[in-house]
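A closer look at the structure
Letter by letter, the chains look like this.
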Amino acid sequence: MANILVFSEQAPVAFELLCKARELGVASAAILSGGEGANANNYFAYGAQKVFVGADARLENYSADLYADALAQIVETSGANIVLIGSTKRGKELAGRLAQKLNCGAVTDAIGLVTQDEKLAVQRYALGGNTIATDVIATDRQVIAVMPKTFEAIKQPAATTVEIKVSVQLCEPRVKIVERKPKAAATAHIESAETLVVVGKGFAKQDDLALADALAQRLNGEIACSRTLSADYHWLAEERMIGISGKKCKPRLMISIGVSGQIQHTVGILGSKIIVAINKDKSAPIFKIADYGIVGDLYQVLPKLVERIGKS
Ligand SMILES: Cc1cc2nc3c(=O)[nH]c(=O)nc-3n(C[C@H](O)[C@H](O)[C@H](O)COP(=O)(O)OP(=O)(O)OC[C@H]3O[C@@H](n4cnc5c(N)ncnc54)[C@H](O)[C@@H]3O)c2cc1C
């Protein structure tokens, strides 16, 4: 039976991974802590049978070197043959380093885990998001970094649980932190929004986004965007970008306006419950995945929509 160890520096992502891990075999979790404050109970609630805690003051702040070092020791202690890591920015960096220490194969950005010929196979986007590749890691031990929101976090406590303290012996980090500057706090939380209004290049100028803002306000939703509006035009912050290079979102309602629906964008919205698309081109690819479509000029459609919603 597979022995799976889960780790993410973001606890909600670790909970998602635990739910998949308990389907695959015996699920355990690793917590790296700068002190004694680690709460294993949260992990037990999502099905971890064992929680391994590596505590050391130097683990208080993230360091790829030290985290990989500590995790490698926890993997050895746990005897895990599959290590699932959250494919966050830090998780991706960690996965490669950990695999190097464990002398095994690693895959990052996984969007699915399936069983193929009795082996665990990893699905991920390839060729710029145009296809899904299925990879099988050849080594017995595997490190797999899975994208956040791939699995649903559902509480289901294990029947028996045990917390194990691992006294990790940390190496001297090769990177010296000389200064820390706080990052500006995120203002958008598009991954957890119930309603998203997604804007694209169909908007002729930045000021026109006020139309979409008005709709989002009426629906109590968040604004998100295509890469064009964020990375190319810099009209909106990167934290609002959806897609293969942005965020993956699963809102109950998504209204996509002036977005063509290229695959690199739509991979980030496929989990949405209802997709409404507004586009003046009736052959725009976004209509293939939309539940409801309005073929029309957004400058005519949006004001009417805002007015109608305001009246209802
Ligand atoms: C490796 C790689 C990674 C990428 N990653 C991402 C990613 O993570 N996220 C992402 O979004 N993109 C990504 N892209 C870019 C992606 O391929 C598209 O170029 C991008 O999503 C297009 O953005 P858009 O839909 O806003 O613009 P366009 O494709 O130009 O579409 C604009 C749409 O607006 C419509 N329109 C124009 N005027 C109006 C109007 N007045 N009323 C109504 N509709 C109108 C047009 O008919 C058109 O369909 C990536 C590309 C590559 C190669």
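Residues numbered from 1 in each chain as written. Predicted model: local features only at pLDDT ≥ 70, side-chain atom pairs only at ≥ 80, totals over all residues.

What follows deals with the overall build of the chain. What the chain contains, in helices and strands, is nine helices and 15 strands. For 312 residues, the compact-globule estimate of 2.2 N^0.38 gives 20 Å, and the chain sits close to it at 22 Å. Across its three principal directions, the C-alpha atoms of the chain cover 65 × 50 × 35 Å. Across the 312 residues in the chain, those meeting the buried criterion constitute 40%. (Helix = DSSP H or I, 4+ residues; strand = E, 2+ residues; numbered from the N terminus. Rg over C-alpha atoms; globule rule 2.2 N^0.38 Å. Buried ≥ 20, exposed ≤ 12 C-beta atoms within 10 Å, placed from the backbone.)

This part covers the environment of isoleucine 4. Residue position: isoleucine 4 is located in strand E1 (residues 2-7). Here the alpha-carbon distance between isoleucine 4 and glutamine 169, two residues 165 residues apart in the chain, equals 22 Å.

Attention now goes to the nonpolar core. Val6, Leu18, Ala29 and Leu84 are the most contacted members of the largest nonpolar core, which has 53 residues in total. Here this core gets seven residues from one element, more than from any other, and that element is helix H3 (residues 64-78). Core analysis: the second largest hydrophobic core is formed by 32 residues, Val199, Leu211, Cys249 and Ala284 among them. (Core = buried A, V, L, I, M, F, W, Y, C linked by C-beta atoms within 7 Å.)

Time to look at unusual backbone geometry. With a phi angle near 60°, asparagine 103 is a residue other than glycine that sits in the positive phi range. Within the secondary structure layout, asparagine 103 lies in the loop between helix H4 (89-102) and strand E5 (105-110). Judged by C-beta crowding, with 9 C-beta atoms within 10 Å, asparagine 103 ranks as exposed. Positive phi values are uncommon outside glycine, yet aspartate 117 reaches one of about 50°. Looking at where aspartate 117 falls in the secondary structure, it is placed in the loop between strand E6 (112-116) and strand E7 (119-126).

Our next topic: the site of the ligand. In the vicinity of the ligand, 27 residues are found, and the nearest of them are Gly200, Gly202, Arg227, Gly243 and Ser260. Among the elements of the structure, helix H6 (227-232), helix H7 (263-266), strand E14 (274-279) and helix H9 (298-311) are those that each provide at least two residues to the shell around the ligand. (Near = placed C-beta within 6 Å.)

With that out of the way, let us pick up the sheet that holds E6. Strand pairing within a sheet occurs via backbone hydrogen bonds; the two strands may be parallel or antiparallel. Read across the sheet, three strands follow the order E6-E7-E8 without closing on themselves; strand pairing throughout is antiparallel. One side of each edge strand has no neighbouring strand; the edge strands of this open sheet are E6 and strand E8 (131-135). Put simply, the sheet's adjacent strands are angled 35° from each other on average, direction ignored. Sheet topology places E7 next to E8; five bridges connect them, and they run antiparallel. Of the residues in E8, the one forming a bridge with alanine 126 is threonine 131. (Pairing = 2+ DSSP bridges. Axes fitted to C-alpha atoms, helices over the stretch in contact; angles between N-to-C directions.)

Counting buried residues along E8, only zero of its five residues qualify, which leaves the element largely exposed. The antiparallel hairpin formed by E7 and E8 contains four residues in its connecting segment, where leucine 127 sits at a positive phi of about 50°.

A word on the sheet that holds strand E9 (residues 142-146). Spatially, the seven strands line up as an open sheet ordered E5-E9-E4-E1-E2-E3-E10, and their pairing is parallel. Looking at strand neighbours, the two that pair on one side only are E5 and strand E10 (162-166), the edges of this open sheet. Taken pair by pair, the neighbouring strands of this sheet meet at an average axis angle of 20°, ignoring direction. One ladder, built from five bridges, connects strand E3 (residues 50-55) with E10; its direction is parallel. Counterpart to lysine 50 in the pairing with E10 is valine 162. Against the sheet, helix H1 (residues 11-24) contacts E1, strand E2 (25-33), strand E4 (82-86) and E9, and its axis sits at roughly 175° relative to E1. The strands touched by H3 are E1, E2, E3, E4 and E10; relative to E3, the strand with the most contacts, the crossing angle is about 145°. (Contact = placed C-beta atoms within 7 Å.)

Considered domain by domain, the chain is made up of domain 1 (2-166) and domain 2 (195-311). Distance from the C-alpha centre of domain 1 to the C-alpha centre of domain 2: 33 Å. In this assembly, seven residues from domain 1 lie in contact with six residues from domain 2. For the side of domain 1 that touches domain 2, the residue count by class is three nonpolar, three polar and one charged. (Domains from an automatic or database assignment. Nonpolar A, V, L, I, M, F, W, Y, C, P; charged D, E, K, R; others polar.)

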